[in-house]
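Chain residues, written in single-letter form:
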Amino acid sequence: MSTSWAQFKREEIFIDGTWRKADSGRMIDVFDPASGEVIGQVPEAGADETRAAIEAAARAFETYRKTTAEERAAMLRKLASLIEDNKEPLAQLLTKEQGKSLTESRGEVAMSAKYILWFAEEARRVYGDTIPSPWADRRLMVTKEAVGVVGAITPWNFPSSMLARKIGPALATGCTIVCKPATQTPFSGLAWGLLCAEAGFPAGTVNILTGSASKIGGELTSHPDVAKITFTGSTEVGRILLAQAATTVKKVSMELGGNAPFLVFDDADIDRAVAGAIASKFRNSGQTCVCSNRIYVQAGIHDAFVEKLAIAAAGLKLGSGFEDGVEQGPLIDEKAIEGVGSFVEDAVSKGGKIVQGGKRVQRDGFFYEPTVIVNASSDMRFAREEIFGPVAPVFRFETEEEAIALANDTEYGLACYFYTRDLGRAFRVSEELRYGIVGVNEGVVTTEVAPFGGFKQSGVGREGSKYGLDDYLETKYVCIGGI
Ligand code: NAP
């Protein structure tokens, strides 16, 4: 394949191995968030195109499910190699439509390849069981089978790797898939169509649609041939999809919003905690579901921590993701700028003090300064809501019990982090936190080998790791009598 990122920019949808426009001919503009300029268009597909994609996936499933694990693993390995070989153009495409720095885009694309390779390896380890029989003349066995056609909907903040976590296990187990990437970052999603075809996956195994979220989502969640819905996005949209999927009792995996607490105890290594806070808060300009949303610092080290955090945040280089050394790209759009601004205004009106940043950057595109706010309190909106931007609110606490109670006081339960050098405290706090992902003295913990997912209203199911395969498998019990 070529090294030019433009080769991966397809302005068509991918159904049954064929690239085409929407029936209506209508197109949607896609923007570069660093400049606000239009960089291309994608088709505005709706229910009819979705139905066609589901029918193609259902037909493909009849033969694809009968391929051997060995054959599927070989195609997935090829897919992982193709992603690696084209890392640079894929990363450039990602930065162009999403804004994150090229360094982060390269990391995301590399992560996509790792997920695919992981599931290539796991494809060959889908074991069943034999169960000791309570009857002398019968034998009991348990096998695992592909769920069927999967409907996948993904967000704009990780347009490549969020699809890797769904396409990987679906293809590994023998499922076929219909994907709808986010409208703001569709090109990295459509690129999966090119890559999967090149890797040898048969027509209809992977289909990719862009267009009306409610029409595509409505069809995916109601069509009887779709066996499973896998969604990554906001809890708000997750609730809608869960309700819609209930009418045909589909299997569901939901990777939803977070409100990650970041606790720093008096006995922590402050420099390590500051580095972790910067990494977990400002990655992707604060637009990740595992970004620290609330930083709680014990009173004894509060002021020292804040001073170092403000200096580190001020030192982050901001600019277009294509500029050398940039660490903070733009936010995704104007609405995101307004949203972040409203959190800052709310905090200031309730006694919050800005010690770094606090305003929009005056240049083209959607840039907001890395911001640190102290005197944060529970009545401020960010105590309950996901900020999804580069604002770090710092709260003060006195005791371990208080910190745990504050950290758990949310409807979310995706990721959390805490810093301590006391081994007993590391275990105590880790066991009390009601979160699916816990970073102890670490601010970046995502890897393809570990389960990713949330407690409470942060979701249902896990992605990555051996657990990430289970959600794409049915369990079949076979009882053989008359032996
Ligand atoms: P979003 O608004 O929920 O959108 C996510 C996806 O859902 C997009 O493809 C969107 O399509 C689609 N969608 C919107 N309304 C829909 C509907 N009625 N029916 C079907 N699909 C619909 O989320 P976002 O703003 O893109 O992403 C940010 C959110 O994702 C945050 O809450 C973040 O925490 C969460 N997230 C979670 C994880 C995780 O693993 N837990 C990972 C990353 C992000 P359009 O783009 O066409 O609107």
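Bear in mind the structure is a predicted one, so any value in this text is a computation, not a measurement.

Rules behind the numbers
Residues numbered from 1 in each chain as written. Predicted model: local features only at pLDDT ≥ 70, side-chain atom pairs only at ≥ 80, totals over all residues. Heavy atoms only, no water. Patch = residues over 30% accessible without salt bridge, like charges linked within 9 Å, V, L, I, M, F, W, Y side chains within 5 Å. Areas by Shrake-Rupley, 256 points an atom, 1.4 Å probe, with all protein chains shown as cover. Salt bridge = Lys/Arg side-chain N within 4 Å of Asp/Glu carboxyl O. Helix = DSSP H or I, 4+ residues; strand = E, 2+ residues; numbered from the N terminus. Buried < 20%, exposed > 50% of the residue type's maximum accessible area, 1.4 Å probe, protein only. Pairing = 2+ DSSP bridges. Near = heavy atom within 4 Å. Polar contact = N/O pair within 3.5 Å; in protein donor to acceptor, adjacent residues only side chain to side chain. Nonpolar A, V, L, I, M, F, W, Y, C, P; charged D, E, K, R; others polar. Phe/Tyr/Trp six-rings, centres within 6.5 Å; stacked < 30°, edge-to-face > 60°. Lys NZ or Arg CZ within 6 Å of the ring centre and 35° of its normal.

### Here's the deal with a nonpolar patch on the surface
Line of reasoning, step 1. Together, Met 141, Ile 480 and Ile 483 line one region of the surface with nonpolar side chains, adding up to about 250 Å² of accessible area.
Line of reasoning, step 2. Its location among the elements puts Ile 480 in strand S22 (residues 473-480).
Line of reasoning, step 3. Since its relative accessible area comes to 36%, Ile 480 is described here as partly exposed.

### Looking at the pairing of strand S6 (residues 139-146)
Line of reasoning, step 1. Direction of pairing for strand S5 (residues 129-131) relative to S6: antiparallel, over a ladder of 3 bridges. From the neighbouring strand, Asp 129 faces S6, where its bridge partner is Val 142.
Line of reasoning, step 2. The sheet contact formed by S6 and S22 spans 8 bridges and is antiparallel. Pairing of Met 141 across the sheet is with Val 478, part of S22.

### Comments concerning the site of the ligand
Line of reasoning, step 1. Surveying the vicinity of the ligand reveals 28 residues, the closest of which are Thr 154, Thr 183, Ser 234, Leu 256 and Glu 386.
Line of reasoning, step 2. At a separation of 2.7 Å, an oxygen atom of the ligand approaches a polar backbone atom of Thr 154.
Line of reasoning, step 3. Within the backbone of Ala 213, one N or O atom sits 3.5 Å away from a nitrogen atom of the ligand.
Line of reasoning, step 4. If the ligand stood free it would expose 910 Å²; the protein chains cover 85% of that surface.
Line of reasoning, step 5. For the shell around the ligand, the secondary-structure elements that each account for two or more residues are helix H5 (161-173), helix H7 (213-222), strand S10 (226-232) and helix H8 (235-246).
Line of reasoning, step 6. Of the residues belonging to the shell around the ligand, the class tally is 15 nonpolar, 9 polar and 4 charged.

### Overview of the packing of aromatic side chains
Each aromatic ring pair is described using two quantities: the centre-to-centre distance and the angle formed by the ring planes.
Line of reasoning, step 1. For the structure on display, the rule yields 9 aromatic pairs.
Line of reasoning, step 2. Ring plane angle 35° and centroid distance 4.6 Å describe the contact between Phe 14 and Trp 19, whose orientation is recorded as tilted.
Line of reasoning, step 3. With a relative accessible area of 5%, Phe 14 lands in the buried category.
Line of reasoning, step 4. On the basis of relative accessibility, which here comes to 18%, the residue Trp 19 falls in the buried class.
Line of reasoning, step 5. The rings of Phe 262, Tyr 417 and Tyr 419 are connected pair by pair, giving a single aromatic cluster.
Line of reasoning, step 6. The cationic tip of Lys 9 hangs over the ring face of Phe 187; the distance from NZ or CZ to the ring centre is 5.9 Å.
Line of reasoning, step 7. For Arg 10, the ring lying beneath its charged end belongs to Trp 19, and the centroid distance is 4.6 Å.

### Concerning the side chain of Thr 50
Line of reasoning, step 1. As for its placement among the helices and strands, Thr 50 is situated in helix H1 (residues 47-64).
Line of reasoning, step 2. Here the side chain of Thr 50 touches Gly 46 through a polar contact of 2.6 Å, landing on its backbone oxygen.

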